[in-house]
Structure formats: structure tokens, C-alpha cells
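Here are the chains, one letter per residue:
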Amino acid sequence: MTTTPSPSPFPATAPSGVDVVLPCLDEAEALPDVLARVPAGWRALVVDNGSTDGSADLARALGATVVREERRGFGAACHAGLLAATADIVCFCDCDASLDPADLVPFVDRIRSGEADLVLGRRRPQGRGSWPPHARAGNLALAQLLRRRTGLRLHDLGPLRAARREPLLALGLTDRRSGYPLQMVVRAAESGWRVAEYDVPYRPRLGASKVTGTWRGTWQAVRDMNRVLAERPADEGALR
């Protein structure tokens, strides 16, 4: 499902590669599978957010570019990857094997063709335990709140996404916790971006979840996102 304000707020540019940002905190178990699925010719940017299981060294050994982000937080890791990216198009994907980087190919195609400015993955659970009920309920509630705030009729605020790097930087994203993905969508909507959803399989993750695997983690994520929804529209002078 696609929301398409037209025309695009910024022109398309010639494709110059794709960087995939992979926020990582103790994901050594999943890294080999995830990195093996990054499409040929794309660069994997593994953002190590304080791993103690050797994730950073393993990622380097597997050919990824490793970025170190000392400040803990999903948003901090994602934004560090965005700042380190140099490609025209930047994608984001979890590093726990629940999502497949190869599924980003049609996302990039839609960005390059000018069909959309931001493409989000609508997660479709595959197998038992891939998406706990409490996490799914929280996501649905946030999608409804987002609709009231922006008018975007989205079903999911998942982490699999793609957009052009320079416009993303121009959004002035400031959240460095779990609200980062939502803030990206809110500010994109405020800027008149065309936002599209694309169905993707969502599999049980490898390793322990830091957020959706617990009620406490889910509650903290919902709290972060509610804070984003309560923000006033971004000022022109917002910090990057």
C-alpha cells in the first residue's frame, strides 16, 4: 500500500550504489547468514553498538565495513551508519536474521524509479514466535497514532527500509533510541515524501531480543515512540 504525495520533494539522481546499515549488538550468531544475503555490489555497514561476543571482528572477517558507535541505542546505531554511508541510497535492516537484506532489492528499485521516496517493509510473520503478540499489538497501536498525526495509512513501522541518503540527512533526525524509525517516517511525511509499504517475510530471530522479546523492552520502545509523536513539527534548524 502506498501513500503518494506528488511530485517528489526532491529530484532523482543517478544511482551510485547502495549501503545497507546493520545495527548490531551481540549478533555473532546471526551475522554469517545476514551478511551472506546482502546483494552483490552493495556495501554492508555493520554498526557495532557495544558488542561483547566478537560481532565486530566477525563482521570484518566476513567482509563488512564496521562502524563503532559507543552511545547505546537503536537510533544511535542507525544514525551512525547513515553518517558513515556514502552511497546514494541507504537501506536499514536488523542484524538478527529475522529480515533478509535481499528483500531490499525491490525497495531500491522503487526509489531509483522515482515511484517512492521512502519504502518500508510490512512484516509478514513466518513461523511460530517470529512476532510476539505484545510486540504486534504495540506496533498496530503506533501505526494508528501515526495515521492520526500524519495521515499516512501504514500498517507497520518495521526496521527494513530504503531511501536516498542526502534527503534522509536533511530530515534532521534527533532521536537516538527506539523512536528513530518512527521519527524518520513522521518527518518524511511532514516533508511531503511519498511513502510506500512492501510486504516482506518476518522470521524468528537468532539470539535473544533486546526489545520485542520482553514486555519491558516493548514498553520502553512504545514510550520512545510516543515521545516522537508528541513532538512539534521539525524546525528547519533541527540538528543532524
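Residues numbered from 1 in each chain as written. Predicted model: local features only at pLDDT ≥ 70, side-chain atom pairs only at ≥ 80, totals over all residues. Heavy atoms only, no water.

Draft legend 1. Structural view of the pattern of salt bridges. Here the structure, examined in full by the defined rule, presents 16 salt bridges. The partner of Arg37 in a salt bridge is Asp33, with the nearest N and O atoms 3.1 Å apart. What makes Arg37 partly exposed here is its relative accessible area of 38%. Asp33 sits in the partly exposed class, given a relative accessible area of 31%. Of the charged contacts in the structure, one is a salt bridge between Arg124 and Asp199, with a shortest N-O distance of 3.4 Å. Of this pair, Arg124 sits in strand β6 (residues 118–125) while Asp199 sits in strand β8 (residues 195–202); the two residues are 75 residues apart in sequence, bridging distant segments of the chain. Taking the relative accessible area as the measure of exposure, Asp199 reaches 43% and is therefore partly exposed. It is possible to trace a salt-bridge network through shared partners that takes in Glu27, Asp96 and Arg205. (Salt bridge = Lys/Arg side-chain N within 4 Å of Asp/Glu carboxyl O. Buried < 20%, exposed > 50% of the residue type's maximum accessible area, 1.4 Å probe, protein only. Helix = DSSP H or I, 4+ residues; strand = E, 2+ residues; numbered from the N terminus.)

Draft legend 2. Inspection of the environment of Thr86 at higher detail. Along the chain, Thr86 turns up in the loop between α3 (74–84) and β5 (89–92). Residues Thr86 and Arg43 lie 43 residues apart in sequence; the distance between their C-alpha atoms is 9.8 Å. Sequence-distant contacts of Thr86, defined by excluding residues within four places in its chain, comprise Asp19, Arg43 and Arg165. (Contact = heavy atoms within 4.5 Å.)

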